[in-house]
Amino acid sequence: MRLLLIIILCMIAELTSAQDTYKGLKDYYNDYFPIGVAVSPQALKGPEATLIEKEFASMTPENAMKMGPIHPEENRYYWDDADAIVAFAQQHNIKLRGHALCWHEQTPSWIFTDAKGDTVSKEVLLRRLKDHITTVVSRYKGKIYAWDVVNEAVADDPSKLLRNSPWYKICGEDFISKAFEYAHAADPDAKLFYNDYNTERPEKRERVYFLLKQLKKSNVPIDGVGLQAHWSIFEPNEQELRTALDKFSSLGLQVQITELDISIYPWEKFQRERRQGETDVFTSELETKQMEQYKMVFSIFREYKQVITGVTFWNISDKHTWLDYYPVKGRKNYPLLFDQNLKRKKAYGEVVKF
Ligand code: GLA
């Protein structure tokens, strides 16, 4: 009798663990928010595609919808890569975030100048921005549920509010509200986001908050703020993360974590050469620190499920991450939940343990 009971218990245990490996991040977080991932068109086949389907409920094109890649010449769009990502999302019933309609990086060379190479006027630049946003947003209307409309407009320099980008130099602050208006007109149902980094650092947080407050006050059609969350094992701490979520959501905005990764190195802004003797080994000590950081941030995300409407990782696995090239080229980083063989890391276990 006792033996039979033991056998039955073993069978149940086996079944439950088989079920657990069957479950992906998206299933564990089904009652919270969609868990997403940034993808390139190359990831839409083979083992990475299998992993995306199993683990994720949302995708963001890593580069394919940025202005430079998708709109290389004034009268020419390049749709193939973006279309392929949209088709994959539709086919597998995966939600899609659009990224990014107006940014100072990865812009096409023609956008700020005329045929003679002179800087265009504000009027011309806003018309170009409108054409761009209208064309791209309309093409994917109903297929993209949320757009990063303006990316990283706040300055790195703490004494300034806005970055001195060509957008700002030519248009002043108007380009921000205009970008939201154009996007809203093209797809009134899409949720529109302002997206930025280091939004948990108190100093930058306050300036981003100030900008968002102004936009809300002026009735700009903005729905949310994207916290990029290019974090590390050193930051943010629990209090910084809570305060950022409290402040931004107090404006009546939804919050999405849009580009999550947890670097094993301290954050650096400027690109530099790898220093002599600078190692890039993922030691078990670093693995533990990263696991603790992932555990902490996800427990807070769950607590804030009323305001957080999406959490997206920036890249699929440690096999390929933009942090392998930036800020130190050739220094390997290990910032994600899947290792270089696409296997779940220890941190994964903590993220789904609740
Ligand atoms: C920023 C952008 C992203 C991406 C990362 C680096 O965070 O928003 O699109 O370019 O930098 O990969």
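Here goes a summary of the coordinates provided. Keep in mind that what you see is a predicted model, and the values were worked out from it rather than measured. (Residues numbered from 1 in each chain as written. Predicted model: local features only at pLDDT ≥ 70, side-chain atom pairs only at ≥ 80, totals over all residues. Heavy atoms only, no water.)

### Some thoughts on the pattern of salt bridges
Point 1. Tallied over the entire structure, the rule returns 28 salt bridges.
Point 2. Arg-76 is the salt-bridge partner of Glu-73, the closest N and O atoms lying 3.1 Å from each other.
Point 3. By relative accessible area, Glu-73 is classed as partly exposed at 43%.
Point 4. For Glu-206, the salt bridge is made with Lys-247, and the minimal N-O distance between the two is 2.9 Å. On the criterion of sequence distance, the pair formed by Glu-206 in helix H9 (residues 202-217) and Lys-247 in helix H10 (residues 238-250) is long-range, its members being 41 residues apart.
Point 5. Its relative accessible area of 30% is what places Glu-206 among the partly exposed residues.
Point 6. Three or more residues are tied together by salt bridges with common partners; here these are Glu-268, Arg-272, Glu-278 and Arg-331. (Salt bridge = Lys/Arg side-chain N within 4 Å of Asp/Glu carboxyl O. Buried < 20%, exposed > 50% of the residue type's maximum accessible area, 1.4 Å probe, protein only. Helix = DSSP H or I, 4+ residues; strand = E, 2+ residues; numbered from the N terminus.)

### A short note on the side chain of Lys-204
Point 1. When you line up the elements, Lys-204 lands in helix H9.
Point 2. A polar contact of 3.1 Å, which involves the side chain of Lys-204, links it to the side chain of Asp-196.
Point 3. In terms of polar contacts, Lys-204 uses its side chain to reach the backbone carbonyl oxygen of Tyr-197, at 3.0 Å.
Point 4. Beyond its immediate stretch of four places on either side in the chain, Lys-204 contacts Val-154, Ala-155, Asp-156, Asp-196, Tyr-197 and Asn-198. (Polar contact = N/O pair within 3.5 Å; in protein donor to acceptor, adjacent residues only side chain to side chain. Contact = heavy atoms within 4.5 Å.)

### Regarding the environment of Gln-256
Point 1. Tracing the sequence through the fold places Gln-256 in strand E8 (residues 254-263).
Point 2. Owing to a relative accessible area of 1%, Gln-256 belongs among the buried residues under this scheme.
Point 3. Separated by 167 residues in the primary sequence, Gln-256 and Ala-89 place their C-alpha atoms 19 Å from one another.
Point 4. Discounting residues that sit within four places of it in the chain, Gln-256 has contacts with Arg-97, Tyr-145, Phe-193, Val-225, Gly-226, Leu-227, Thr-309 and Gly-310.
Point 5. In this structure the side chain of Gln-256 is engaged in a polar contact, spanning 2.9 Å, whose partner is the side chain of Thr-309.

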